[in-house]
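Listed below are the residues making up each chain.
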Amino acid sequence: MKLLLLGAGGFIGVNLTERLIKDGKHNVVAVDIDDEKIDYLVETKSPKLEYHNLNISSDEAEIDGLVAAADVVVDLVAFANPALYVEDPVGVFDLNFTQNMKVVKQCLKHKKRLVQFSTCEVYGITPAKAAEQFGLSSDTHITPFSEDESPLIMGPVKNHRWIYACAKQLLERILDAHWKRDGFQFSVIRPFNFIGPRIDFLPSEAGGGSPRVFSHFMDALLYGKKPIKLVDGGEVYRAYTYIDDAVDCIVRIIEDNNSNCEGQIFNIGQPENELKIKELAVRMCELFDEHFRAEGDPPRPEIITVSGEEFYGKGYEDCDRRIADITKAKTLLGWQPEYDIDQVIFKTMEHFVNSHREKQKKESGEVF
Ligand code: NAD
Ligand code: UGA
């Protein structure tokens, strides 16, 4: 098949592209506005990879041509960083909904199947937390989020964090509406906190910025310029999925060998890898000391608490807990995640540390 991957230069995109090239079964047409992460794949000059530096917002004619020539379109383009949801909610809605809708329309026009990346954030907060906020008893049983049954519960409009989830939810609803009306072929993927190599930049190397949590904590471990900051005490839960497990599931959805993915929404997550953010911080410090600490590294960083408003600005609200029900992916795709939480942290950390050591060597003139 000829696969068009939009946003192929991002974290999930490069890991997916790498796997597809390795498999060698399909031709990948990769599109992104940022070449930095995907360069290492472009440099391999694989005959299975064609890369275009294009913008889905402004290069409509070129994207339209690529959609027309593709067998399947995979749309990964989005702003996917919570700091931005609060800082630039209009920009987040514009890219994650309005610009993505152009791709939907192109797929409809050319009758192409679309695999659309959404998010586990569409589930919002848990019913237990909502009950608590309504002043009701919060002893509601916590059940995993199920694609076709769970309600989607967002916070108030003034809490702009939810614009990301709303934009993604609206996109999902439009896809399903077109499926119902026009027989539009689509599948939606809701990732639950994937981590792994190339996830995000380190602020100390990028001169600032606010990546996702793992990179913040790695930055504190490797550079020691700032403490590890736990937003509101790090009391919320996340369940981390290793990128290789995730990519394995994504490939099954794209290939759809059993022809049962059409019109389906899939959670991709590892519900057994759940921990509190404050536990993630401690586990990262322990694994770093045990396996990676080298002479000259800064001492173990202090762990402090900051408020959500202080860290992200006004309008931040957190998802308290999100556990994926992955029955559908297991049943329809025969997929099963393999990496446990320590392996997920270790392997992601290993990649960060190796890149950092390489950088240190280059800077000290040891390698050229
Ligand atoms: P990412 O930010 O690393 O990748 C997004 C890519 O889109 C970037 O390379 C960016 O340069 C590109 N892009 C942005 N604007 C563009 C434009 N106008 N034209 C072309 N390319 C553009 O994010 P990611 O973690 O790889 O996430 C990929 C998708 O999965 C997103 O839709 C995100 O919302 C969703 N998602 C990811 C996670 C996760 O665990 N990483 C979780 C939930 C949802
Ligand atoms: C992310 C992003 O919204 C998307 O990438 C995606 O939709 C989703 O998760 C996902 O990966 O499934 P979130 O998990 O809240 O959302 O993003 P992080 O920035 O990684 O934050 C995780 C938790 O750590 C939050 O509670 C946050 O407040 C906290 N945090 C973050 C800290 O305690 N310290 C930090 O330095 C950074």
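Our subject is the structure listed above.
Scoring rules and cut-offs
- The numbers attached to residues start from 1 for each chain and follow its sequence in the written order.
- Here chains are named by letter from A upward and ligands by number from 1 upward, in the order in which they appear as written.
- Confidence filtering applies because this is a predicted model: local features only for residues at pLDDT of at least 70, side-chain atom pairs given and counted only at 80 or more, and all residues used for totals across whole chains, interfaces and linings.
- In computing side-chain properties, one takes all heavy atoms of the structure into account and sets aside hydrogens as well as water.
- Put simply, DSSP H or I for four residues or longer makes a helix, DSSP E for two residues or longer makes a strand, and each gets a number counted from the N terminus.
- The globule rule used here is 2.2 Å times the number of residues to the 0.38 power, and the radius of gyration it is set against is calculated over C-alpha atoms.
- Three exposure classes are used, based on accessible area relative to the maximum for each residue type with a 1.4 Å probe and protein chains only: buried under 20%, partly exposed in between, and exposed over 50%.
- By definition, residues are in contact when any of their heavy atoms lie within 4.5 Å.
- Computed by Shrake-Rupley with a 1.4 Å probe, the accessible areas treat only the displayed protein chains as cover when residues are assessed.
- The charged-residue count follows a simple rule in which Lys and Arg add positive charge and Asp and Glu add negative charge, with His and chain termini not counted at all.
- A charge is said to be at NZ when it belongs to Lys, at CZ for Arg, at CG for Asp and at CD for Glu.
- Whether a residue is near a molecule or strand depends on its heavy atoms: it is near if one of them lies within 4 Å of it.
- Pairs of N or O atoms within 3.5 Å make up the polar contacts considered here, provided that, within protein, one atom can donate a hydrogen while the other can accept it, and that residues adjacent in sequence are counted only when both atoms are side-chain atoms.
- Under the grouping applied here, Gly and all other residues not named as nonpolar or charged are polar, the nonpolar ones being Ala, Val, Leu, Ile, Met, Phe, Trp, Tyr, Cys and Pro and the charged ones Asp, Glu, Lys and Arg.
- When DSSP finds two or more bridges between two strands, those strands count as paired.
- Axis definition: a line fit to C-alpha positions, over the contact stretch in the case of helices; interaxial angles, taken between N-to-C directions, run 0 to 180 degrees.
- Each Phe, Tyr or Trp ring (for Trp, its six-membered ring) is paired with any other whose centre lies within 6.5 Å, and the angle between the two planes then decides the class: stacked below 30 degrees, edge-to-face above 60, tilted in between.
- Whether a crossover is right-handed depends on one test, that the path from the first strand over the helix to the second runs clockwise when the strands point away from the viewer.
- Each nonpolar core is a collection of buried residues, namely Ala, Val, Leu, Ile, Met, Phe, Trp, Tyr and Cys, held together in the definition by side-chain atoms within 4.5 Å.
- Orientation is classified from the angle alone, with under 35 degrees giving roughly parallel, over 145 giving roughly antiparallel, 65 to 115 giving roughly perpendicular, and any other angle giving oblique.
- Should the near helix be turned anticlockwise from the far one by less than a right angle, the crossing is termed left-handed; should it be turned clockwise, right-handed.

## What about the overall build of the protein chain?
Consideration 1: Helix and strand counts for the protein chain come out as 14 helices and 13 strands.
Consideration 2: Against the compact-globule benchmark of 21 Å for 368 residues, the protein chain has a radius of gyration of 20 Å, which places it among compact chains.
Consideration 3: The C-alpha extent of the protein chain, read off along each of the three principal axes, is 60 × 60 × 40 Å.
Consideration 4: Taking all 368 residues of the protein chain together, the buried fraction comes to 51%.
Consideration 5: A separation threshold of at least 6 residues defines the contact pool for the protein chain, and within that pool the share at least 24 residues apart is 77%.
Consideration 6: As displayed, the protein chain offers around 16,700 Å² of accessible surface, 50% of which is attributable to carbon and sulfur atoms.
Consideration 7: In the protein chain, which carries 43 positive and 60 negative side-chain charges, the distance between the mean positions of the two groups comes to 2 Å.

## So, the site of ligand 1
Consideration 1: Close to ligand 1 lie 26 residues; Asp 32, Asn 55, Tyr 164, Lys 168 and Phe 194 are nearest.
Consideration 2: One of the backbone N or O atoms of Gly 9 is found 3.5 Å from an oxygen atom in ligand 1.
Consideration 3: Taking Arg 212, its side chain carries an N or O atom lying 3.0 Å from an oxygen atom of ligand 1.
Consideration 4: Protein chains shield 90% of the accessible area of ligand 1, which is 820 Å² for the free molecule.
Consideration 5: Of all the secondary structure elements, the ones that give two or more residues to the shell around ligand 1 are helix 1 (11-23) and helix 7 (162-182).

## Side note on the site of ligand 2
Consideration 1: Surveying the vicinity of ligand 2 reveals 26 residues, the closest of which are Tyr 85, Glu 121, Asn 193, Lys 229 and Asp 318.
Consideration 2: A distance of 2.8 Å separates an oxygen atom of ligand 2 from a polar backbone atom of Ala 80.
Consideration 3: Arg 161 places a side-chain nitrogen or oxygen 3.0 Å from an oxygen atom of ligand 2.
Consideration 4: For ligand 2, the accessible surface in isolation is 710 Å², of which the surrounding protein chains cover 96%.
Consideration 5: If you list the elements that add at least two residues to the shell around ligand 2, you get helix 4 (82-87), helix 9 (213-223), strand 8 (228-231) and helix 12 (308-312).
Consideration 6: In terms of residue class, the shell around ligand 2 is made up of 16 nonpolar, three polar and seven charged.

## Let's talk about the sheet that holds strand 2 (residues 27-32)
Consideration 1: Spatially, the seven strands line up as an open sheet ordered 3-2-1-4-5-6-11, and their pairing is parallel. Among the strands making up the open sheet, the edge pair consists of strand 3 (49-53) and strand 11 (264-268). Across the sheet, the axes of successive neighbouring strands diverge by a mean angle of 15°, strand direction being ignored.
Consideration 2: When strand 2 meets strand 3, the two strands line up parallel, connected through five bridges. In the strand pairing of strand 3, Asp 32 is matched with Asn 53.

## Section: the packing of aromatic side chains
Consideration 1: Using the criterion set out here, one finds eleven aromatic pairs in the structure.
Consideration 2: Seen in terms of ring centroids, Tyr 123 and Phe 145 are 4.5 Å apart; in terms of plane orientation they differ by 5°. Their pairing is stacked. On the criterion of sequence distance, the pair formed by Tyr 123 in the loop between strand 5 (113-117) and helix 6 (127-133) and Phe 145 in the loop between helix 6 and helix 7 is long-range, its members being 22 residues apart. Assigned by exposure class, Tyr 123 and Phe 145 land together as buried.
Consideration 3: Considering the side-chain rings of Phe 184 and Phe 186, the 6.5 Å spacing of their centres and the 20° angle between planes classify their relative orientation as stacked.

## Looking at the pairing of strand 1 (residues 2-6)
Consideration 1: Most of strand 1 is tucked away, with four of its five residues classed as buried.
Consideration 2: Pairing of strand 1 with strand 2, which is carried by five bridges, proceeds in the parallel orientation. Paired with Leu 4 across the strands is Val 29, a residue of strand 2.
Consideration 3: Note that the unit made of strand 1, helix 1 and strand 2 has a crossover that is right-handed.

## Looking at the nonpolar core
Consideration 1: Counting 71 residues, the largest nonpolar core has Leu 5, Met 218, Ile 250, Ile 268, Met 284 and Met 349 as its most contacted members.
Consideration 2: Ranked by size, the runner-up nonpolar core spans 26 residues in total, among them Leu 54, Val 104, Phe 184 and Val 188.

## Looking at the packing of helix 11 (residues 277-292) against helix 14 (residues 341-363)
Consideration 1: Across the interface, helix 11 lies against helix 14 with an axial gap of 10 Å and an inter-helix angle of 60°. Compared by their axis directions, helix 11 and helix 14 come out oblique. In this structure, the crossing between helix 11 and helix 14 has a hand that is right-handed. Taking contact as the criterion, the partners of Leu 280, Arg 283, Met 284, Leu 287, Phe 288, His 291 and Phe 292 in helix 11 are, on helix 14, Asp 342, Ile 345, Phe 346, Met 349, Glu 350, Val 353 and Arg 357.
Consideration 2: Along the lines of polarity and charge, the residues of the contact of helix 11 with helix 14 split into nine nonpolar, one polar and four charged.

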